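If you want the building blocks of each chain, they are given just below.
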Amino acid sequence: MLRRSIIVASGTLALTLGGHRLLPELGGFTPVLESLLPWLGVAVPILLVCALVTRSWQVVFAALLPATVWAVMFGPALVRTPPGGPSDLSVATLNVGATNGDSADAIRSVSKGRDLVAVQELTPGGPAAEALDDRFPHRYRIATVGLWSRFPIAEARKADIGLDWARALRAVVVTPEGRVTVYVMHLASARPGQTDLRDETLTYARRMIDKDDSPHLLLLGDLNTATTDRKRAGLVPPLSDAQQEAGTGFGFTWPAAFPVTRPDHILYRGMTATTASVEPAAGSDHRAAVASLRLAA
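Computed from a predicted structure; not experimentally measured.

Next up on the list: the sheet that holds strand 10 (residues 264-269). With mixed pairing, six strands are arranged side by side in an open sheet as 5-6-7-8-10-9. Because the sheet does not close on itself, it has two edges, and the strands there are strand 5 (153-158) and strand 9 (240-241). Summarising the sheet, strand 7 (residues 178-186) and strand 8 (residues 217-222) pair through six bridges and their orientation is parallel. Its bridge partner lying in strand 8, Val-184 is registered against Leu-220. Packed onto the sheet, helix 7 (residues 196-211) meets strand 7, strand 8 and strand 10 and runs at close to 170° relative to strand 7.

Taken together, the six strands give an open sheet; going across it, the order is 3-4-2-1-12-11, and neighbouring strands pair in mixed fashion. For this open sheet the edge positions go to strand 3 (138-142) and strand 11 (272-279), each flanked by a neighbour on one side alone. Pairwise comparison of adjacent strand axes, ignoring direction, gives a mean angle of 15° for this sheet. Strand direction decides the pairing type here: strand 1 (residues 89-95) and strand 12 (residues 288-294), joined by five bridges, are antiparallel. Bridged to Leu-89 within strand 12 is Leu-293. Against the sheet, helix 5 (residues 103-111) makes contact with strand 1, strand 2 (116-120), strand 11 and strand 12, and its axis sits at roughly 155° relative to strand 1, the strand it touches most. Contacts between helix 6 (residues 127-135) and the sheet are confined to strand 2, strand 3 and strand 4 (145-149), with strand 4 contributing the most and set at about 20° to the helix.

In terms of burial, strand 8 is largely enclosed, as six of its six residues are buried. In this region the chain leaves strand 7, passes through helix 7 and returns to the parallel neighbour strand 8; the handedness of that crossover is right-handed.

If you trace the backbone, Val-278 turns up in strand 11. Using a relative accessible area of 24% as the deciding quantity, one classes Val-278 as partly exposed. It is 29 Å that separates the C-alpha atoms of Val-278 and Ala-14, two residues lying 264 residues apart in sequence. Among residues more than four places away in sequence, those in contact with Val-278 are Gly-251, Phe-252, Thr-253, Arg-262, Arg-287, Ala-288 and Val-290.

For the structure on display, the rule yields 11 salt bridges. Arg-170 is paired through a salt bridge with Glu-155; the nearest N and O atoms lie 3.3 Å apart. Placement of the pair is Arg-170 in strand 6 (residues 168-175) and Glu-155 in strand 5, with a sequence separation of 15 residues. For the salt bridge of Arg-198 with Asp-199, the shortest nitrogen-to-oxygen distance reads 2.9 Å. Judged by its relative accessible area of 1%, Arg-198 falls in the buried class. Under the relative-accessibility criterion, Asp-199 is labelled buried at 15%. Three or more residues are tied together by salt bridges with common partners; here these are Glu-155, Arg-170 and Asp-212.

Conventions and cut-offs
Residues numbered from 1 in each chain as written. Predicted model: local features only at pLDDT ≥ 70, side-chain atom pairs only at ≥ 80, totals over all residues. Heavy atoms only, no water. Pairing = 2+ DSSP bridges. Helix = DSSP H or I, 4+ residues; strand = E, 2+ residues; numbered from the N terminus. Contact = heavy atoms within 4.5 Å. Axes fitted to C-alpha atoms, helices over the stretch in contact; angles between N-to-C directions. Buried < 20%, exposed > 50% of the residue type's maximum accessible area, 1.4 Å probe, protein only. Right-handed = clockwise from strand over helix to strand, strands pointing away. Salt bridge = Lys/Arg side-chain N within 4 Å of Asp/Glu carboxyl O.

Shown next, in the form of structure tokens:
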């Protein structure tokens, strides 16, 4: 009975990992599963130990199958070496938290040494915006999202992501190496059984990217979409992910106390990511995603 259970569990786990995009959405359960997909690996050592107890090579082989699938899918993230080298832009994005009483401290820490800082869940006249105003000479803010820059902002406007309220912007930043088009977005929330609006905002975001012919483009923000969520495939590609290209580990950003997934992203086109990581942010339930990029692709 134990042997059969291990074989069935191992096969199910391997199929779930490798074929998760083929699963139906099951009333909103599947997006949650995909957000936590790397954590399914926790079951692998348990299965292996149980398989060794049976002293059956057939069972051990079955338990090694999900281990192999997991290693192929997620192993590279754990052993990746950032390319490094010179960079032209140091950027950060943070959902600072609308009720964060320590938002000024959070933003001072995250913005230190950065050229561009994108923020979501800003409060009107709040301490986070004031702290950024003191540190950066150029800014554009609309409602609860904003971009602060060390370099001039040549143009800026609201970006339409299909919501009744403003949660996205587009700006053109003039750097010494050339112009960079920057989108800051806070897409609709995704909850179990309630992903339709999030999916719609993802579609709007993709349309904007497709229509934008800027040679250097950045998309920063809380996309409410995990790296392993099938819906993110609408953005990556055509964009590249800084964490996947130049970071080590999974780069989880939420929840801050014990991150298990990554809804916060630094996506780009026409550049090269040299480093990427995650930093704590006082009081926020998100950690900040940060990266350095070189304009030469």
